[in-house]
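Structure at a glance
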Amino acid sequence: MSVNIKPLSNEQLKTNAPTLFTQEAHQDVSAKYHFIPTIEVIEEIKSHNWYPVNVSEAGVRDIEKEGYQQHCVRFRHFEDLLNPKENAIELLLFNSHDRTKAFSISAGIYRFVCANGLVISDNVFESYKIKHLGDRDNDISNAIDKITAVKPKLMKRIEKLESIKLNEAEKESFAKNTIPLRFEEHLEVDYKDLLLPNREEDFKDDLYTTLNIIQENLIRGNIKGVNKQTNRRFTSKKISSISKDASLNKDLWDMAEKIATIKEPTYLMAA
């Protein structure tokens, strides 16, 4: 596979997300709050052979929160950087310095063909909180060890989802049931727009590809609809909220696995 993903240097991280290098908590947090600079945790994760490949930082409305806002860093294991496959298991680090987002580590999946980043449901991999009080080194090591150990199992789940075929009615039902995850009840969209492939490689009928098509269309926006309260047309925007992105991804993964268990009741045992 001709994919060359390079880890981000600290200079690149600082350019894209200065918040990672903030050295103090926001003034509104409690005096009991034990501050941990995100860059320190990044360095610890790197020492376990996981390297940062993507970073996002939330926007702020209150200028006083600049430098303290939510941020997310995605890491990929050394083995996956050396020998990239179609899908890669990622480690996701979430944090903020104003207590709006807990310091935590989750698991995700990156699909190279569409540059999509899924976030695994907590039902599959429970997020690990990094405590601001206590032995954070142990918290981080445990979380990294758990994700490293679960990598083969997650890859098997992906393979199983790829093996499950959906007919047109099942794909349409999947799409219909994801609309409330993204749109409020008064916003009407055509579920068929969520099933439109964005590239030739996505003209497939398997559950995993369908999941990724729906996810990409919901996250990246450009879905047209009508506001039933005002009768005005609208076009959805890309989801920029780190929390909404993660929450939607987890809900989509849950729904895909529910479909898998309906199609193949032995799915969870097989995967």
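Residues numbered from 1 in each chain as written. Predicted model: local features only at pLDDT ≥ 70, side-chain atom pairs only at ≥ 80, totals over all residues. Heavy atoms only, no water.

Counting its regular elements, the protein chain contains eight helices and nine strands. Across the protein chain, contacts joining residues at least 24 apart in sequence account for 66% of those joining residues at least 6 apart. On the protein chain, roughly 14,200 Å² of surface is accessible, and the fraction owed to carbon and sulfur atoms is 47%. (Helix = DSSP H or I, 4+ residues; strand = E, 2+ residues; numbered from the N terminus. Contact = heavy atoms within 4.5 Å. Areas by Shrake-Rupley, 256 points an atom, 1.4 Å probe, with all protein chains shown as cover.)

Looking now at the sheet that holds strand E8 (residues 224-227). By way of backbone hydrogen bonds, the strands of a sheet pair with one another, either parallel or antiparallel. Overall, antiparallel pairing links the three strands, which are arranged E7-E8-E9 in an open sheet. Here the strands that pair on one side only, and so sit at the sheet edges, are strand E7 (187-189) and strand E9 (232-235). Recorded for the sheet is a direction-independent mean angle of 35° between the axes of neighbouring strands. Of the pairings in the sheet, the one linking E7 to E8 comprises three bridges and is antiparallel in character. Opposite Leu187, over in E8, you have Asn227 as the bridge partner. (Pairing = 2+ DSSP bridges. Axes fitted to C-alpha atoms, helices over the stretch in contact; angles between N-to-C directions.)

All right, on to helix H7 (residues 242-263) then. An α-helical turn contains 3.6 residues, so any two residues separated by three or four positions project in the same direction. Spanning 22 residues, H7 covers 32 Å between terminal C-alpha atoms, matching the ideal 32 Å at 1.5 Å per step. Among the residues of H7, Ile242, Ala246, Leu248, Asn249, Lys250, Leu252, Trp253, Met255, Ala256, Glu257, Ile259 and Ala260 are the ones counted as buried. Two to three positions downstream of the cap, the backbone nitrogen of Ser243 sits 3.4 Å from a side-chain oxygen, assigning the N-cap of H7 to Ser241. (Expected span 1.5 Å × (residues − 1). Buried < 20%, exposed > 50% of the residue type's maximum accessible area, 1.4 Å probe, protein only. Polar contact = N/O pair within 3.5 Å; in protein donor to acceptor, adjacent residues only side chain to side chain.)

Another point: the packing of helix H5 (residues 168-182) against helix H6 (residues 207-220). Put simply, H5 and H6 touch, their axes get as near as 11 Å, and they point 35° apart. Between H5 and H6 the crossing geometry is right-handed. On the side of H5, the interface is formed by Lys171, Phe174, Ala175, Thr178 and Arg182, while H6 contributes Leu207, Thr210, Leu211, Ile214 and Leu218. For the contact of H5 with H6, the class distribution of residues is six nonpolar, two polar and two charged. (Left-handed = near helix turned anticlockwise from the far one by under 90°. Nonpolar A, V, L, I, M, F, W, Y, C, P; charged D, E, K, R; others polar.)

On to the packing of H5 against H7. Where H5 meets H7, the axes come as close as 11 Å, and the angle between the chain directions of the two elements is 150°. Taken together, the axis directions place H5 and H7 in an arrangement best described as roughly antiparallel. The handedness of the crossing between H5 and H7 comes out as right-handed. Between H5 and H7, the residues in contact are Glu170, Phe174, Asn177, Thr178, Leu181 and Arg182 and Leu248, Asp251, Leu252, Met255, Ala256, Ile259 and Lys263, respectively. Classifying every residue of the contact of H5 with H7 by side-chain character gives seven nonpolar, two polar and four charged. (Parallel < 35°, antiparallel > 145°, perpendicular 65-115°, else oblique.)

Next up on the list: the pattern of salt bridges. Inspection of every chain in the model, using the stated rule, returns 13 salt bridges. When the shortest N-O distance is used, the salt bridge between Lys46 and Glu43 registers 3.7 Å. Here Lys46 pairs with Glu43, and both are found in helix H2 (residues 38-46), just three residues apart, close to one helical turn. Exposure remark for Lys46: the relative accessible area of 21% places this residue in the partly exposed category. The residue Lys160 makes a salt bridge to Glu264 at a minimum N-O spacing of 3.0 Å. Linking Lys160 in helix H4 (residues 136-163) with Glu264 in the loop between H7 and helix H8 (267-270), this pair joins segments that are 104 residues apart in sequence. (Salt bridge = Lys/Arg side-chain N within 4 Å of Asp/Glu carboxyl O.)

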